[in-house]
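Results of the structural survey
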Amino acid sequence: MICLSKVRQLQKLFLGGLNVTRSTLFSIDVKHALLVDPEQSKHSNITVKGWVRSVRTHKESAFFHINDGSSISNLQVIVPLTKVPRNATFGSCIEAVGSLVTSLLPLQQPVELMADKVTVIGECNFRDYPFKAKKKHSLDYIRQYPHLRLRTLTFGALMRIRSAATRAIHEYFQREGFCLVHTPILTSNDCEGAGEVFKVEPIEKIQGTLKTDEKERNEEGAANFFGVPTFLTVSGQLHLEVASGAFSKVYTFGPTFRAENSRTRHHLSEFYMIEAEISFTETLEDIIKYIEGMLKFTSEEILNTCSSDVQFFVKNSSDFKHLEILENFVTKTFLRMSYTEAIEILTQNANNFENKVSILI
């Protein structure tokens, strides 16, 4: 959480009302550093911390591109060669203190940091580091290094978009008057057979070392931790239905687990699911309007707050119409149709599908 005084300092920094003096150290992340207009006010003694994405030397200066995860874009830090630590290498984590100035190459980035001091916070052996500065790595290769993969462009952009989507989903439901309910992750129900369940047991029981009082054993013979079989949740629906008897609008957004024995890209064993219950409804439209509103609000927030990340995925996509589809999705009203109308449209266009449409009536 950022305190109010910090927010006001940032506002002054962007609006040109804050002069940072030699006696004042002002720490800023890469995202906000790139938004500063150096022409509006003096920005000296700025501190930026991040991981080195690339480094090169030219004549009397070294040029570092650093990133702290706040933006897909890097901040260029220019340091005199005499002030560059020997262990400031590709992949290392550094702290740079200096002045934000207008970049000589504004088309590449608007500002850069002229550093007076660079300190290495965390070293990195660039020879053993699995990712190389100018090499594009496949997703299969990146997944081999789960502890480092979030530093890559792809996974970094994905996490920022996911974070923005999560924030927007909660904001939408709260704005619409829904009450957030944290439904249990450990539960004794399988939600009306919604999916195959993972059973949860103490490790001692699995290893056969669990000591249980004979009086506490049930007729089924197995000693359960809670007295009944316990599973990872497949849905919070039943708990929400109970909550909707006290709150007119409730929702949950949490982890869900399915134990279907399928390890293809079409099946997830763990995912986050949005579920909602509304107590007083008259028509299906009462529910549809919330579904449409949530999808549009969330998509619009992602386009507004993560535009660079979205553009990155569009640029690396085989279909450049994805962004156009998303923008139309946000601005146009969802078409309503009956089940019968949908069947008729599918039937009329059956020849347009690679796989024959199987229609259940």
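Since the model is a prediction, treat every value here as computed from it, not as a measurement. (Residues numbered from 1 in each chain as written. Predicted model: local features only at pLDDT ≥ 70, side-chain atom pairs only at ≥ 80, totals over all residues. Heavy atoms only, no water.)

Let's talk about the environment of Leu113
Inspection of the secondary structure assignment puts Leu113 in strand 6 (residues 111-122). With a relative accessible area of 0%, Leu113 lands in the buried category. Dropping the residues within four chain positions of it, Leu113 is found in contact with Ile46, Val48, Leu75, Gln76, Val77, Ile78, Ala96, Gly98, Ser99 and Leu100. (Helix = DSSP H or I, 4+ residues; strand = E, 2+ residues; numbered from the N terminus. Buried < 20%, exposed > 50% of the residue type's maximum accessible area, 1.4 Å probe, protein only. Contact = heavy atoms within 4.5 Å.)

Focus on the pairing of strand 3 (residues 61-67)
Note on strand geometry: in a regular strand, side chains alternate between the two faces of the sheet. Taking burial as the measure, the seven residues of strand 3 include five buried ones, the bulk of the element. Bridge analysis of strand 2 (residues 46-58) against strand 3 gives seven bridges, and the strand direction is antiparallel. For Ser54, the partnering residue across the bridge sits in strand 3 and is His65. The loop that links strand 2 with its antiparallel partner strand 3 comprises two residues; one of these, Lys59, has a positive phi angle of about 55 degrees. (Pairing = 2+ DSSP bridges.)

A word on the side chain of Asp309
Within the secondary structure, Asp309 is located in helix 8 (residues 307-315). With near-sequence residues (within four places) excluded, Asp309 lies in contact with Ile72, Ala157, Arg160 and Ile161.

Observations regarding helix 8
Residues of helix 8 that are buried: Asp309, Val310, Phe312 and Val314. Lining the buried residues of helix 8 we find helix 4 (153-175), helix 7 (285-305) and helix 9 (322-331).

Notes on the pattern of salt bridges
Tallied over the entire structure, the rule returns eight salt bridges. Between Glu95 and Lys49 there is a salt bridge, with the nearest N and O atoms lying 3.5 Å from each other. In this pair, Glu95 sits in strand 5 (residues 93-102) while Lys49 sits in strand 2, placing the two residues 46 residues apart along the sequence. Residue class for Glu95 comes out partly exposed when judged on its relative accessible area of 22%. In this structure, the salt-bridge partner of Glu292 is Lys296, at a minimum N-O distance of 2.8 Å. Of this pair, Glu292 and Lys296 are both found in helix 7, four residues apart, which corresponds to roughly one turn of the helix. With respect to class, Glu292 is no different from Lys296; both count as buried. A network of salt bridges, in which partner residues are shared, links Glu285, Glu292, Lys296 and Arg336. (Salt bridge = Lys/Arg side-chain N within 4 Å of Asp/Glu carboxyl O.)

Geometry only, nothing functional implied.
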